[in-house]
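Here's the letter readout for the chains.
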Amino acid sequence: MSTRIDHITGGIYRISTWVPEYRLTFNQFLIDDERPTLVHTGEYDRYDGIRKAISEVLDPATLANIILLHWEGDENGGMDRFMAEAKGCELVGSALSIALNARGFGVHERVRGFTDGETLDLGRHKLRFWETPHVHHWDSMMVVEETTNSLFPSDLYLQPGELPPVVDENLSEEMIATYRAVGIFAHENPVRSVSERVERLAPDWVHAMHGGTVTGAALPAFNEALREKEFAYAGWVLGRDLAAQQATPIPHAG
Ligand SMILES: [Fe+2]
Ligand SMILES: [Fe+2]
């Protein structure tokens, strides 16, 4: 399994690993600045490949921030390993995620929670945080990078398949089909209100965690699909028909 790194725009790099088992790429984003920042660490076991990709651009020991957009293995499973090397690095998440998850798992030092609208300066880049509860998880957030007019939406706007760094085509049907099969959203409503906020922002770049970075020109088709199609959990979990399984009669002994 190989991991590649590609420059997308204005010092933002996509690090990407194709995982055939899930038919998805797993992406992290590196922002090269005075305070280098990694958005998502990738899973614990993918550390070596991701670290190597980062080191093509900068020294991983200089990372100043690791940003997790919700508490989950592919978001921050590698945090311990990166933070052990980067002694000045802080773990950044939503206020909720830091209060409940980081502290609850015993991570008390070098952690920082943000609420909606708060900002973080990296030098040339400036991040603005959006709290987006229940867009996949209770603690979910998204990040806007203001100088490139970029959005880091985590699992929203994902596209399946081994895709190039930048996606300029309408893959919204594939996105919706993946959401239905995998079951990551409990309800459409929180997702739709965030997608309306994204439409008002009109980002030039949407750095999806799975797939390619969606351009501003391609984005309206994705928002239209989120507005008009059903994609909330309907019994399927990671491609398994759990509802059908649970509908079968329960065998009783004797
Ligand atoms: Fe996720
Ligand atoms: Fe993800």
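Cut-offs and rules
Residues numbered from 1 in each chain as written. Chains lettered and ligands numbered in written order. Predicted model: local features only at pLDDT ≥ 70, side-chain atom pairs only at ≥ 80, totals over all residues. Heavy atoms only, no water. Helix = DSSP H or I, 4+ residues; strand = E, 2+ residues; numbered from the N terminus. Buried < 20%, exposed > 50% of the residue type's maximum accessible area, 1.4 Å probe, protein only. Donors = N, O, S within 2.8 Å, 3.2 Å for Na, K, Ca; no water. Tetrahedral: all angles 85-135°; square planar, octahedral: opposite > 155°, others 65-115°. Axes fitted to C-alpha atoms, helices over the stretch in contact; angles between N-to-C directions. Parallel < 35°, antiparallel > 145°, perpendicular 65-115°, else oblique. Left-handed = near helix turned anticlockwise from the far one by under 90°. Contact = heavy atoms within 4.5 Å. Nonpolar A, V, L, I, M, F, W, Y, C, P; charged D, E, K, R; others polar.

Trainee: Residues and numbers for unusual backbone geometry, please.
Mentor: Here His-40, not a glycine, exhibits a phi torsion of approximately 70°, which is positive. For His-40, the position within the fold is in the loop between strand S4 (37-39) and helix H1 (47-55). Judged by relative accessible area, His-40 falls into the buried class, the value being 0%. A positive phi angle, near 95°, is found at His-136, a position not held by glycine.

Trainee: Could you give an account of the coordination of the iron ion (ligand 1), with specific residues and numbers?
Mentor: At the metal site, the iron ion (ligand 1) is ligated by His-70 (NE2), Glu-72 (OE), His-136 (NE2) and Asp-155 (OD), and these contacts range over 1.9 to 2.3 Å. Every donor counted, the 4 donor atoms about the iron ion (ligand 1) form angles of 88 to 171° at the centre, which fits irregular coordination. Between the donor residues of the iron ion (ligand 1), the gaps in sequence give the motif H-x1-E-x63-H-x18-D. The distance between the iron ion (ligand 1) and the iron ion (ligand 2) comes to 3.6 Å, and Asp-155 binds to both of them. Taken together, the residues Glu-72 in the loop between strand S5 (65-67) and helix H2 (73-76) and Asp-155 in the loop between strand S11 (150-152) and strand S12 (166-167) connect sequence positions 83 residues apart. Taking the relative accessible area as the measure of exposure, Glu-72 reaches 27% and is therefore partly exposed. Residue classification places Asp-155 among the buried residues on the basis of a relative accessible area of 4%.

Trainee: Could you give me a rundown of the packing of helix H5 (residues 172-182) against helix H7 (residues 219-228), with the residues and numbers involved?
Mentor: Closest axis-to-axis distance for the H5/H7 pair is 9 Å, and the angle between their directions is 40°. When the interaxial angle is binned, H5 and H7 end up oblique. H5 and H7 meet at a crossing whose hand is right-handed. Judged by residue contacts, Ser-172, Met-175, Ile-176 and Tyr-179 of H5 engage Ala-221, Phe-222, Ala-225 and Leu-226 from H7. Residue classes in the contact of H5 with H7 are distributed as 7 nonpolar, 1 polar and no charged.

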